[in-house]
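# Observations on the model geometry
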Amino acid sequence: MGQAIRVLVIDDEVRFADNLSRLLNARGFCAEAAYTGVDALKAVKSKQYDAVVLDMKMPGMDGIETLRELKRQENEIEVIMLTGHADVETGIQAIREGAFDYLFKPCDVEILSERLKEAAAAESIKRNPVLWPRSVVKEISTTNFIRLDIRDDLKKALAIFNENKQAGMRDELHVIDRQDRLRGVISKKDLLG
């Protein structure tokens, strides 16, 4: 078995941050807590983390400010935003700023664990890029690889799915960021959900 995934939990609610860290540690992660954005930035400077769980609403540096600084300081780190306030606009802003995912409190720890594993895998690929054989690259770059810009409206994704339905296309789109890097994959099932 590999090394435990290192997670930093950032939340101004001390009890919540400590309890979530304990729950993640019990599931095999190596989790620590920070209670402010400033403390989180110091922690990330002194240690390498595979993923971060970040609260949206915090006094001082809020989640979006902390996310921006984390990404500026350590661009490869993946951040999962947590919020107790269902705000779609804030979620969209967080994703545009580079968040890996956006979940609502209270979040099922099993779901969060799965997202953390996915985030750590993505972070690992960024830090240690894989050289793929030319044949694999050719397969990926065929017409089955549909690009969707991270800034595109979700209606565009649905339109792409509907246009390519008759062409036998698979039901997923690859989402890229402004630097033309793969940020994720969205399936038709995810989109309709």
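Sequence positions are assigned chain by chain, starting from 1 and proceeding in written order. Totals for whole chains, interfaces and linings use every residue, but because this is a predicted model, local features are given only for residues with pLDDT of at least 70 and side-chain atom pairs only at 80 or more, for both listing and counting. For side-chain calculations, the full set of non-hydrogen atoms in the structure is used, while hydrogens and water are omitted.

Moving on: the overall build of the protein chain. For the purposes of this entry, the term helix denotes a DSSP run of H or I that reaches at least four residues, the term strand denotes a run of E that reaches at least two, and both are numbered from the N terminus. Scanning the protein chain from N- to C-terminus turns up eight helices and eight strands. The buried share among the 193 residues of the protein chain stands at 39%. When checking whether two residues touch, look at their non-hydrogen atoms; a contact exists if any pair is within 4.5 Å. If you take every contact in the protein chain between residues at least 6 apart in sequence, the share linking residues at least 24 apart comes to 61%. Burial status follows relative accessibility: with a 1.4 Å probe on protein chains alone, a residue under 20% of its type maximum counts as buried, one over 50% as exposed, and anything between as partly exposed.

Time to look at the environment of Val109. Locating Val109 in the fold gives a position in helix α5 (residues 109-127). Residue class for Val109 comes out buried when judged on its relative accessible area of 15%. Along the backbone, Val109 and Leu24 are 85 residues apart, and their C-alpha atoms lie at a distance of 7.7 Å. If we skip the residues at most four places from it in the chain, Val109 touches Leu23 and Arg27.

Considering the arrangement of structural elements, one finds Ala43 in helix α2 (residues 37-46). Along the primary structure Ala43 and Glu32 are separated by 11 residues, whereas in three dimensions their C-alpha atoms are 9.5 Å apart. With residues near it in sequence (within four places) discarded, Ala43 still touches Leu8 and Tyr49.

Let us now look at the packing of α2 against helix α3 (residues 63-73). Running from N to C, α2 and α3 cross one another at 15°; their axes reach a closest spacing of 10 Å. As judged from the angle between their axes, α2 and α3 are roughly parallel. Judged by the twist between their axes, the crossing of α2 over α3 is right-handed. For the pair α2 and α3, the contacting residues are Gly37, Leu41, Val44 and Lys45 in the first and Thr66, Glu69, Leu70 and Gln73 in the second. Lines fitted to C-alpha atoms define the axes here, with helix axes fitted over just the stretch in contact, and angles between the N-to-C directions of these axes take values from 0 to 180 degrees. An angle below 35 degrees is read as roughly parallel, one above 145 as roughly antiparallel, one from 65 to 115 as roughly perpendicular, and any other as oblique. The crossing is said to be left-handed when, going from far helix to near helix, the turn is anticlockwise and less than a right angle, and right-handed when the turn is clockwise.

For this analysis, a nonpolar core means a set of buried residues of the types Ala, Val, Leu, Ile, Met, Phe, Trp, Tyr and Cys, connected via side-chain atoms within 4.5 Å. Judged by nonpolar contacts, the single largest core of 22 residues is most densely connected at Leu8, Ile10, Leu54 and Met81. Broken down by secondary-structure element, the contributors of at least two residues to this core are β1 (6-10), α2, β3 (51-55), α3 and β4 (78-83). When residues in this core are grouped by element, the largest group, four residues, is from α2. If near-sequence neighbours (up to four positions away) are discounted, Ile10 is found in contact with Ala34, Thr36, Ala40, Val52, Val53, Leu54, Asp55, Met58 and Leu70. Of all hydrophobic cores here, the second largest spans 17 residues; its members include Val7, Val9, Ala31 and Ala119.

Strands were regarded as paired on the criterion that DSSP finds at least two bridges between them. The strand order β2-β1-β3-β4-β5 describes an open sheet built from five strands, whose pairing is parallel. The sheet is open, and its two borders are formed by β2 (30-34) and β5 (101-104), each paired with just one other strand. Within the sheet, the average angular offset between the axes of one strand and its neighbour, ignoring direction, is 20°. Examined bridge by bridge, β1 and β2 share five bridges and lie parallel to one another. By the bridge assignment for β2, Leu8 is matched with Glu32. Across the face of the sheet, α2 comes into contact with β1 and β2 while running at roughly 165° to β1.

Next up on the list: α2. Those residues of α2 lying buried are Gly37, Ala40, Leu41, Ala43 and Val44. The arc enclosing the buried residues of α2, seen along the axis, measures out at 160°, which places them on a common side. Away from its buried face by more than 90 degrees, α2 exposes Lys42, Lys45 and Ser46. Where the residues of α2 are buried, they touch β1, β2 and α3. Here, the arc refers to the directions that run from the helix axis to the C-beta atoms.

Everything listed here is a matter of coordinates, which is why it stays silent on function.
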